[in-house]
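In case you want the letters, here they are:
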Amino acid sequence: MKESWDNIFGEVPASFEARVSQTLASLEETPKVVRFRFPAGSLIAAVLAVAVLAGTALATGFFGMKNLTVADPYATPEASGDVIALQGVPESPEFRANAEWMDYLAGLDLVKAAADADAGITQIPEGYDFYRVFSQEMADKLQEIASRYALKLHTGLTAFYSQQELCTRLNTQPFITNCSSFSGYVYEDGSFQGDGVSTAGRSYEYQLGRYVKGTFSEVTLNVGNAGEYEEWTYTTASGVNAQLFLGPERCVLLADLSDSFVAVNLLGGTDGNSIFMPDPVTREDLEAFADLIDFTGLN
């Protein structure tokens, strides 16, 4: 990948960056620091950055991108757009917890909160390294929300530098066809985020996140104008119904699986992307890309 993921909220608060660096430094092997970025709004992991569907929203109905929107705590007149949560379908506890947390953050001055933590005015409690927490009050609120929806919090992460390395950690088989590179972070529960490149007729550059159900993941994506996306459900070559969103600058793929929710941001759209995928992406291209992912290996 030519560029790394970044914080969807814009500038990453200094105190959060310090915690990320400290966590990475504590790993047995010091990894190259890779931060993941989604252009025009990022997929934010808290650190920086499948079985065939049965009884899930994708199997029973189309939920649409607009139903996934949540508040953007760092929205400004100059930097705006629709933000979606990537943990689950609208009625899931993971989505509802994320939406409630984003509403809470939107009512705070997060720049000041981060500055107060840096200055020692507030203390960041232990156990919240992978979340936007800068005070005990914020930690208490996050814990309250997680507890209400019976969700665990992330406790650790490890870097990976290839699909095979990730699969070894997860004890699963490779799930991306024609994958020439894939690297990122895997959490203690098997949730992960990674940057990838696959070549099948054309080069696809993307970011893929898997979020295990039952854990709170603070992950959102700024998709620009959600009304500009063409949306449909597609049955992939692996037999899973995925929801596809074809946009001007990027595309989104979502799959609600029995034990996890998978979100993919393809770094190109109908207008192309000058940095990652300059050639326009068509419906056929997006479906062909979806067929490269064996979602049954991501449950």
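Structure first, text after, so check above.
Now for a description of the structure that goes with this document. These numbers were taken from a predicted model, which means no experiment stands behind them.

Spatially, the three strands line up as an open sheet ordered S1-S2-S9, and their pairing is antiparallel. Of all the strands in the sheet, just strand S1 (69–70) and strand S9 (220–224) have a single pairing partner and so form its edges. Sheet topology note: the S1/strand S2 (residues 82–85) ladder contains two bridges and is antiparallel. Bridge pairing in S2 links Val70 to Val83.

Let's shift gears to the environment of Asp291. Inspection of the secondary structure assignment puts Asp291 in helix H7 (residues 283–291). Residue Asp291 is classed as partly exposed on the basis of its relative accessible area, which comes to 30%. Between the alpha carbons of Asp291 and Thr236 there is a distance of 5.1 Å; along the sequence they are 55 residues apart. Beyond its immediate sequence surroundings of up to four residues, Asp291 is in contact with Tyr234, Thr236 and Ala237. Separated by 2.8 Å, the side chains of Asp291 and Tyr234 make a polar contact.

Membership of the largest hydrophobic core comes to 50 residues, with the highest contact counts inside it found for Trp101 and Leu254. Ranked by residues supplied to this core, first place goes to helix H3 (residues 93–106) with seven residues. Counting residues in hydrophobic clusters, the runner-up holds 35 residues, among them Tyr204, Tyr206, Trp232 and Leu253.

Parameters and conventions
- Residues numbered from 1 in each chain as written.
- Predicted model: local features only at pLDDT ≥ 70, side-chain atom pairs only at ≥ 80, totals over all residues.
- Heavy atoms only, no water.
- Pairing = 2+ DSSP bridges.
- Helix = DSSP H or I, 4+ residues; strand = E, 2+ residues; numbered from the N terminus.
- Buried < 20%, exposed > 50% of the residue type's maximum accessible area, 1.4 Å probe, protein only.
- Contact = heavy atoms within 4.5 Å.
- Polar contact = N/O pair within 3.5 Å; in protein donor to acceptor, adjacent residues only side chain to side chain.
- Core = buried A, V, L, I, M, F, W, Y, C linked by side-chain atoms within 4.5 Å.

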